[in-house]
Amino acid sequence: MTARVCENCGIPDDELVLVRRVYVVPPSWDTPGSQTVIAEPELWCISCMSQYPCEIVDD
Ligand SMILES: [Zn+2]
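Residues numbered from 1 in each chain as written. Predicted model: local features only at pLDDT ≥ 70, side-chain atom pairs only at ≥ 80, totals over all residues.

Thoughts on the environment of leucine 43
- Position of leucine 43 relative to the elements: it lies in strand β3 (residues 42-44).
- Judged by local crowding, leucine 43 falls into the partly exposed class, with 16 C-beta atoms found within 10 Å.
- Sequence separation between leucine 43 and glutamate 15 is 28 residues; the distance between their C-alpha atoms is 9.4 Å.
- Those residues in contact with leucine 43 that lie beyond four places of it in its chain are Arg4, Cys6, Glu7, Leu16 and Leu18. (Helix = DSSP H or I, 4+ residues; strand = E, 2+ residues; numbered from the N terminus. Buried ≥ 20, exposed ≤ 12 C-beta atoms within 10 Å, placed from the backbone. Contact = placed C-beta atoms within 7 Å.)

Focus on the nonpolar core
- Listed in full, the seven residues of the largest apolar core are Cys6, Leu16, Val19, Trp44, Cys45, Cys48 and Cys54.
- Not counting residues up to four positions away in its chain, the partners in contact with cysteine 6 are Ile11, Asp13, Leu16, Leu43, Trp44, Cys45 and Cys48. (Core = buried A, V, L, I, M, F, W, Y, C linked by C-beta atoms within 7 Å.)

Brief notes about the environment of cysteine 6
- With respect to the helices and strands, cysteine 6 occurs in the segment before β1 (17-25).
- Sequence separation between cysteine 6 and proline 32 is 26 residues, and the spatial gap between their C-alpha atoms is 32 Å.

Laid out in structure tokens, this is it:
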């Protein structure tokens with residue numbers, strides 16, 4: 001039996017969701033903020049989804 005683990009925190013979880021990680025760069029005095037969506041989807045647990053910026057992969 002193979003338990004699936006969250007690809008972000010490594011905790012085994014039955015309710016993993018396919019998401020794309022989003023890197024958020026906050027704006028500062030000389031640069032505007034930006035967001036970069038990582039193309040490669042990852043399986044994340046609900047806890048990581050609520051704590052880190054990500055987009056749910058919808059297919
Ligand atoms: Zn996680």
